[in-house]
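Residues per chain are reported as follows:
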Amino acid sequence: MTTPSHSKHKLFLAALVVGASVLTAGCASRRGGDNLKNTAYVARDVETLYAEAKRRLDGGAPKIAAALFDEVERQHPYSPWARRAQLMGAFSNYVAQEYNPAIQAAQRFLSIHPGNKDAPYAYYLIGLCYYEQISDIQRDQKVTEQALTALQEVNRRFPTTQYAADARLKIDLVQDHLAGKEMEIGRYYEKSGKWIAAQIRFQNVVDSYQTTSHVPEALYRLTETSLALGLPAEAVKYAAVLGANYPGSEWYEKAFGLVQKHAEGVSAT
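Residues numbered from 1 in each chain as written. Predicted model: local features only at pLDDT ≥ 70, side-chain atom pairs only at ≥ 80, totals over all residues. Heavy atoms only, no water.

*Asks:* An account of the overall build of the protein is needed here, citing residue identities and associated values.
*Replies:* Secondary structure summary: the protein contains 13 helices and zero strands in total. Going from the N terminus to the C terminus, the protein shows its helices and strands as α-α-α-α-α-α-α-α-α-α-α-α-α. Evaluated residue by residue, the protein yields a buried proportion of 49% over its 269 residues. Considering only contacts in the protein between residues 6 or more positions apart, those separated by 24 or more positions represent 63%. Here the protein displays about 13600 Å² of accessible surface, and carbon together with sulfur accounts for 52% of that area. (Helix = DSSP H or I, 4+ residues; strand = E, 2+ residues; numbered from the N terminus. Buried < 20%, exposed > 50% of the residue type's maximum accessible area, 1.4 Å probe, protein only. Contact = heavy atoms within 4.5 Å. Areas by Shrake-Rupley, 256 points an atom, 1.4 Å probe, with all protein chains shown as cover.)

In structure tokens, the structure reads:
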């Protein structure tokens, strides 16, 4: 799926580390080799440890940054920096495409700090992690449904935020994706002559994904399968709904041709 803009995340990071810029500027010197061996778990003061994690993130080593942010929380659990490090660790894992650890860190942040001012972003980050894992419609769509649920939660809880605005756009894309999966299954059933099973899938698109681009075809397929089942009045009904809502579409033209040929003079139920 489309990756969210980096500028939005940079704005978030800038806000999250307010007050830490001086510390970051004076943090420990760079070390060679960006690998996890450089995150030796030695005791360090919280400011230096946090600043080093931030430097690693800015320097393009998000896995190391995530491990260091975890160390901030582990070594200094009662420091105000620990709360900030939790969410920064989640974000670092997201950047590294380590989505499950990112989700777990964001969920842990929310369980401990449900009313924090950064809670909207934590919910949004969870939604992004699921969204980035959406696969093509030929595969299982469990993660797609998880993305939809998480994004809807952002919109429900924080409807006036920038995160909800972006979540709403992604919700539309996710619903279109899920509708596409239903259509694929429905077409498979239809080709196999399993008319009722096909109708269930097409009807689900019409009922559950009304704003998606797949509805016109779903109505056409319902016209087709109704005729195959010997229900011409039902076919006329679906064609009429298609004509009323999508009068200029190719699917209406095809549906109109079908009912003219196979259900001429029949009235809709």
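*Asks:* Could you give me a rundown of the packing of helix H7 (residues 119–131) against helix H8 (residues 142–157), with the residues and numbers involved?
*Replies:* Axis separation between H7 and H8 bottoms out at 8 Å; the angle between their running directions is 160°. On the basis of the axis angle, H7 is roughly antiparallel to H8. Of the two possible hands of crossing, H7 and H8 adopt the one that is left-handed. Two secondary-structure elements touch here, H7 through Tyr123, Tyr124, Ile126, Gly127, Tyr130 and Tyr131 and H8 through Val143, Gln146, Ala147, Ala150, Leu151, Glu153, Val154 and Arg157. Taken together, the residues of the contact of H7 with H8 sort by class into 10 nonpolar, two polar and two charged. (Axes fitted to C-alpha atoms, helices over the stretch in contact; angles between N-to-C directions. Parallel < 35°, antiparallel > 145°, perpendicular 65-115°, else oblique. Left-handed = near helix turned anticlockwise from the far one by under 90°. Nonpolar A, V, L, I, M, F, W, Y, C, P; charged D, E, K, R; others polar.)

*Asks:* Which residues make up helix H11 (residues 215–228), and what are the values?
*Replies:* Helix length check: H11, at 14 residues, gives a terminal C-alpha distance of 20 Å against a target of 20 Å (1.5 Å per residue), a fit within 8%. Taking burial as the measure, the 14 residues of H11 include 11 buried ones, the bulk of the element. As for H11, its buried residues are in contact with helix H9 (162–191), helix H10 (195–208), helix H12 (232–245) and helix H13 (250–262). Note on H11: the residue one or two positions beyond its end, Gly230, has a positive phi of about 80°. (Expected span 1.5 Å × (residues − 1).)

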